Amino acid sequence: MGADDILKSRNIVLLFREGTERTKIGKNLNEGNYKTIFSSSFQESQALFNKHDAGIFIQDWEAIDKSQTRSFHHKLSLNEAFDHLIRILVVTQITPNIRAFANDTGVHEVVTTATAANSMSQKIEMLLNSPTLSQNKVMREAGHLDEGYDQKKVDTSIEDAYKNFPHDPKVVLEFGNLNYRQDRHEESARHAQNLIDKQPENVRAMTLLSRSLMKMNKIDEGIEVMKKADDLSPFNPGRLATIGDAYYEKNDLDAALAYYDKAAQADTECSDAHVGKTKVHLANGDVEAALEVVQSSLSEEEAAGFFNSSALRASREGKYDEAIHLYKVALKALKTKKLKHLLHFNMSIAYESMGDMENAIKSVKTSLKIMKNYQKAYDRLQRLEGKQAS
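Please read all numbers here as calculations on a predicted model, not as lab measurements.

Scoring rules and cut-offs
- Residues numbered from 1 in each chain as written.
- Predicted model: local features only at pLDDT ≥ 70, side-chain atom pairs only at ≥ 80, totals over all residues.
- Heavy atoms only, no water.
- Helix = DSSP H or I, 4+ residues; strand = E, 2+ residues; numbered from the N terminus.
- Buried < 20%, exposed > 50% of the residue type's maximum accessible area, 1.4 Å probe, protein only.
- Contact = heavy atoms within 4.5 Å.
- Areas by Shrake-Rupley, 256 points an atom, 1.4 Å probe, with all protein chains shown as cover.
- Lys, Arg positive; Asp, Glu negative; His and termini not counted.
- Charge placed at Lys NZ, Arg CZ, Asp CG, Glu CD.
- Salt bridge = Lys/Arg side-chain N within 4 Å of Asp/Glu carboxyl O.
- Phe/Tyr/Trp six-rings, centres within 6.5 Å; stacked < 30°, edge-to-face > 60°.
- Lys NZ or Arg CZ within 6 Å of the ring centre and 35° of its normal.
- Expected span 1.5 Å × (residues − 1).
- Core = buried A, V, L, I, M, F, W, Y, C linked by side-chain atoms within 4.5 Å.
- Axes fitted to C-alpha atoms, helices over the stretch in contact; angles between N-to-C directions.
- Parallel < 35°, antiparallel > 145°, perpendicular 65-115°, else oblique.
- Left-handed = near helix turned anticlockwise from the far one by under 90°.
- Nonpolar A, V, L, I, M, F, W, Y, C, P; charged D, E, K, R; others polar.
- pLDDT = per-residue confidence, 0-100.

### Brief notes about the overall build of the protein
Then comes step 1: Scanning the protein from N- to C-terminus turns up 21 helices and seven strands.
Then comes step 2: Based on the C-alpha atoms only, the size of the protein along its principal axes is roughly 90 × 45 × 40 Å.
Then comes step 3: Out of the 390 residues belonging to the protein, those deemed buried represent 49%.
Then comes step 4: Restricting to contacts in the protein with at least 6 residues of sequence separation, those with at least 24 account for 54%.
Then comes step 5: For the protein, the exposed surface amounts to about 19,700 Å²; the carbon and sulfur share of it is 47%.
Then comes step 6: Between the mean site of the 52 positive side-chain charges and the mean site of the 56 negative ones, the protein shows a separation of 3 Å.

Right, dumping it as structure tokens:
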């Protein structure tokens, strides 16, 4: 696989401060047969990616506010539509924190301003012709088939890559993640630790190590590793929410809420943060505060689904009054009839479990009024009425 197979196009979006350095970089890229499109903001850059079918994005670290830069690259790293995009960061000096940020957000290369001005096109060619970049592309695309996504093909591709490139950090990380998904947590922790020993700024490996330790019931150790990763590359909303989850498992609700709040501040659209805050409010018995969070941050379906799941959990634990209250809160979260039939059906089960046949029948009848052809509700009504009559 050559450079042209990896690169979607030779169009480059360049987000850089005006001045001599930008001019030099633009000239060097043009000499390398790249077309440079200048940008002045992230919003404009994203529009240019699509308009010009760009294959590369080069950003000056000093051009934009750091918090915006972190948020933008985090979101790009999670957006499959931009998987093809080669991202390069230009900095005055390469520090451990810069390397950690690049690792955290999937930035492919970090170069100094001096190097960029004199040999950016050559650096790009070297990057594109690296065998591991080709292998990473193969791993990414392995499961994307016309008929859908195939995780088995991805896993096989990762195993093949590890056989061919057992020392490449990105390949090793993917192999470690594969072990994690297959519940081989000691192995995933071992691969992660080996990466950290060689690359102390590899925060993705630190995240894998932390998750693996938590799965091994080493919660405190996992939290400490995750905090070290956050020190190196702060404001990663997913990582902050994971720390919140760990504290929630320890029943330290104040600390959990603090980290969920940090995650929400880092990314207002971080659903893990909002779900976490909702869990804490429910654990504290403040259902109304939980409802306020989900109504302001989640879709109707997500909100109703969350409360429905919480109610089902309460029912399994024999807390039927609590379950019914949660079902009613879920109904309040819905402005349309969608999913209401299911909530009334589940509420009927809770009422029956606590011996309240009258409300059990009333709830299932309401479910049938909302969805007349709901066979499960009809069958349940028949059974309840027969049980009541006997």
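### Observations concerning the pattern of salt bridges
Then comes step 1: For the coordinates displayed, the defined rule picks out 17 salt bridges.
Then comes step 2: Salt-bridge contacts for K75 lead to D267; the nearest nitrogen and oxygen are separated by 3.9 Å. With a gap of 192 residues between them, K75 in helix α4 (residues 66-78) and D267 in the loop between α14 (253-266) and α15 (271-283) connect regions that are remote in the sequence.
Then comes step 3: The class for K75 is partly exposed, based on a relative accessible area of 39%.
Then comes step 4: Classification of D267 as buried rests on a relative accessible area of 14%.
Then comes step 5: As a salt-bridge pair, K332 and E288 come within 3.7 Å of each other at their nearest N and O atoms. A residue pair is termed long-range when its members are at least 10 positions apart, and K332 in helix α18 (residues 320-333) and E288 in helix α16 (residues 287-297) qualify at 44 residues.

### Re the packing of aromatic side chains
Then comes step 1: Taken as a whole and judged by the stated rule, the model has nine aromatic pairs.
Then comes step 2: Geometrically, the ring pair formed by Y162 and F175 is stacked, given 3.9 Å between the ring centres and 5 degrees between the ring planes. In this pair, Y162 is assigned in helix α8 (residues 151-164) and F175 in helix α9 (residues 169-181), connecting sequence segments 13 residues apart.
Then comes step 3: An aromatic cluster is defined as three or more aromatic residues linked by ring pairs; in this entry it consists of F42, F49, F57, F72 and F82.
Then comes step 4: The positively charged end of R10 is found above the aromatic ring belonging to Y34, 4.0 Å away from the centroid.
Then comes step 5: We note K262 situated over the ring of Y259; from NZ or CZ to the ring centre the distance is 4.5 Å.

### Comments concerning α18
Since the α-helix turns once every 3.6 residues, residues separated by three or four places project in the same direction.
Then comes step 1: Compared with an ideal rise of 1.5 Å per residue, which puts 14 residues at 20 Å, α18 spans 20 Å between its outermost C-alpha atoms and is within 8% of the ideal.
Then comes step 2: Within the span of α18, buried status applies to A323, I324, L326, Y327, V329, A330, L331 and A333.
Then comes step 3: Here the buried face of α18 lies against α15, α16, α17 (300-316) and α19 (340-353).

### Examining the nonpolar core
Then comes step 1: Core analysis: the largest hydrophobic core is formed by 35 residues, its most contacted members being L282, F307 and Y327.
Then comes step 2: Of all the elements in the fold, those that place two or more residues in this core are α16, α17, α18, α19, α20 (357-370) and α21 (375-389).
Then comes step 3: Counting residues per element, this core draws most heavily on α18, which supplies eight residues.
Then comes step 4: Those residues in contact with F307 that lie beyond four places of it in its chain are T278, L282, A290, L291, V294, L326, V329 and A330.

### As for the packing of α9 against helix α10 (residues 185-198)
Then comes step 1: Running from N to C, α9 and α10 cross one another at 160 degrees; their axes reach a closest spacing of 7 Å. One element, α9, and the other, α10, form an angle in the roughly antiparallel class. In the packing of α9 onto α10, the handedness of the crossing is left-handed. Taking contact as the criterion, the partners of P169, V172, L173, F175, G176, N179 and Y180 in α9 are, on α10, H185, E187, S188, H191 and L195.
Then comes step 2: For the contact of α9 with α10, the residue count by class is six nonpolar, five polar and one charged.

### Comments concerning the side chain of R239
Then comes step 1: With respect to the helices, strands and loops of the structure, R239 is situated in helix α13 (residues 237-249).
Then comes step 2: Residues within four places of R239 in sequence aside, it is in contact with D104, V203, T207, M226, A229, D230 and S233.

### Brief notes about the confidence of the model for the protein
Then comes step 1: When pLDDT is averaged across the protein, the result is 89; 93% of the residues are at 70 or more.
Then comes step 2: Looking at the elements of the protein, mean pLDDT is at its lowest for strand β6 (residues 144-145), recorded as 46, and at its highest for α10, recorded as 97.
Then comes step 3: Low pLDDT (under 50) marks residues 143-147, which in the prediction has nine contacts with non-local residues, meaning those over four places away or in another chain.

### Notes on the packing of α13 against α14
Then comes step 1: Following both chains from N to C, one finds α13 and α14 inclined at 165 degrees, their axes separated by 8 Å at the closest point. One finds that α13 runs roughly antiparallel with respect to α14. α14 is crossed by α13, and the crossing has left-handed handedness. Judged by residue contacts, P237, L240, A241, I243, G244, D245, Y247 and Y248 of α13 engage L253, A255, A256, Y259, Y260, K262, A263 and A266 from α14.
Then comes step 2: Of the residues belonging to the contact of α13 with α14, the class tally is 13 nonpolar, one polar and two charged.

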